[in-house]
Structure formats: C-alpha cells, structure tokens
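Residue-level listing of the chains:
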Amino acid sequence: MSGSSAGAHTAAHAKTAAVNGISIALVFLATAFINIRLPIAANGGLIHLGNVPLFLAAAIFGKRTGAVCGAFGMGLFDLLSGWTLWAPFTFVIAGLIGYTVGRLTEDPAASYSRYVLAMILALIIKVAGYYIAEAVIYGNLAAPLASIPGNVIQIGVASAVFLIVIKPIRAGLKAF
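Because the structure is a prediction, the values reported are computed rather than measured.

We now examine the environment of Thr90. Its place among the elements puts Thr90 in helix H4 (residues 87–105). Relative accessible area serves as the criterion here: at 3%, Thr90 is assigned to the buried category. Expressed as a C-alpha distance, the spacing of Thr90 and Leu54, which sit 36 residues apart in the sequence, is 13 Å. Ignoring sequence-local partners within four residues, the contact set of Thr90 consists of Met74, Gly75, Asp78, Gly95 and Tyr130. Polar side-chain contacts of Thr90 include one of 2.7 Å to the side chain of Tyr130.

Right, dumping it as structure tokens:
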C-alpha cells in the first residue's frame, strides 16, 4: 500500500469511527433523556425517542452504522439505566433494526415507499424481538402481550418523525 492510499485508508477508518461514535452517542442520549416510563407490563416499559437518531443514522450512513449505533447505543442505555437484563436482547434487536433500516434506505435515491417499508419492518422486528425476549425472561407467553402497545407507540412516533424529516435532510445533504 502506498503512502497516499494508506493515508486515505486511515482517514476513511477515522471518519467511520467518528460517525459511528457520534451516532451511538445520539441514540444513547435520545433513549436516556427523551423517554416516558409506562405503568404497564410486567416490567413497566419505556417509550423513548432513541429510534429517531437510529433511523436517521441508518438511512444516511448505511446498514453498518445503523446496526452499530442501534446495538451499542440502546444496549449501553440498558446497561447503565437499570435494564441490565435486557441489554443482550436489546443489542440484537436494535442492531437488527438498524441494519434493516439501513439496508433498505441507505441509497440516497431511496423512494418514500422504501422508507415506509423500512419503518414497517422495524416495527415487526421490535414487537417480535421484545415479545421473544420477554417470553424468555418471564417464562410465559402471556406477559409479553402487555408490552406490544408501548412498542407500537415507540416505533410509530419515531417513524412519523423520521418520515417527516428524512427527505428534507437528504435534500440538505446534497448541498454538501
């Protein structure tokens, strides 16, 4: 590898690390500080806006950043906020959501219908993933049903925000 290509390679890795680090931080902060605890379900439940920066990072920077910031941003929240038991499940579920959204929307020319499909799949992954997680944690199949409305609200609100802002953000990025 020549000196200039090694420098470009190092710069690309540094940019990726910076983007991933900032994305993880934004997902963590939005999850930690923009949330409402629900007085439902066996463990209460939590509605947060951490999915908004997750969806945006996945769409703008791609499936890898989406997976990384979802897994680490939300997983870190669980570890540091008393939801420790949930961290391994969240790591997988949020990582899969980020990957899926990024996979469908990382192309700057992605159609609005692809964005909507990505949100539908994020909802399915969230509901199914946490249903399975709660079934494992609580040892029964009925308890997880109480968490479905909160998960739907959480993804629904984040999807609405995402679908409103993604096209203007994409248009603004074209200017750079």
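This is not the end of the story, as more comes after the structure.
Before going further, it helps to examine the side chain of His48. As for its position among the elements, His48 is in strand E2 (residues 46–48). A polar contact is formed between the side chain of His48 and the backbone nitrogen of Gly50, at a distance of 2.9 Å. At 3.1 Å, the side chain of His48 and the side chain of Gln154 are in polar contact. Dropping the residues within four chain positions of it, His48 is found in contact with Ala30, Thr31, Ile34, Asn35, Met74, Lys126 and Gln154.

Turning our attention to helix H5 (residues 112–138). Relative to the 39 Å expected for 27 residues at 1.5 Å per residue, H5 spans 39 Å between its end C-alpha atoms, a close match to the ideal helical length. In this structure, the buried residues of H5 make contact with E2, helix H2 (51–61), H4 and helix H6 (148–174). Phi for Gly139, located one or two positions after H5, is positive at around 75°.

What follows is about H2. Counting buried positions over the 11 residues of H2 gives nine, a clear majority of the element. Taken as a whole, H2 has its buried residues at Asn51, Val52, Pro53, Leu54, Phe55, Leu56, Ala57, Ala58 and Ala59. Of the residues trailing H2, Gly62 is marked for its positive phi of about 105°.

Where helix H3 (residues 63–80) meets H4, the closest approach of the two axes is 7 Å, and the angle between their N-to-C directions is 155°. On the basis of the axis angle, H3 is roughly antiparallel to H4. Considering the relative orientation of H3 and H4, their crossing is right-handed. Each of Lys63, Gly66, Ala67, Gly70, Ala71, Phe72, Met74, Gly75, Asp78 and Leu79 in H3 lies in contact with H4, whose residues at this interface are Ala87, Thr90, Phe91, Ala94, Gly95, Gly98, Tyr99, Gly102 and Arg103.

So, how was this worked out
Residues numbered from 1 in each chain as written. Predicted model: local features only at pLDDT ≥ 70, side-chain atom pairs only at ≥ 80, totals over all residues. Heavy atoms only, no water. Helix = DSSP H or I, 4+ residues; strand = E, 2+ residues; numbered from the N terminus. Buried < 20%, exposed > 50% of the residue type's maximum accessible area, 1.4 Å probe, protein only. Contact = heavy atoms within 4.5 Å. Polar contact = N/O pair within 3.5 Å; in protein donor to acceptor, adjacent residues only side chain to side chain. Expected span 1.5 Å × (residues − 1). Axes fitted to C-alpha atoms, helices over the stretch in contact; angles between N-to-C directions. Parallel < 35°, antiparallel > 145°, perpendicular 65-115°, else oblique. Left-handed = near helix turned anticlockwise from the far one by under 90°.

Taken by themselves, the reported measurements are silent on function.
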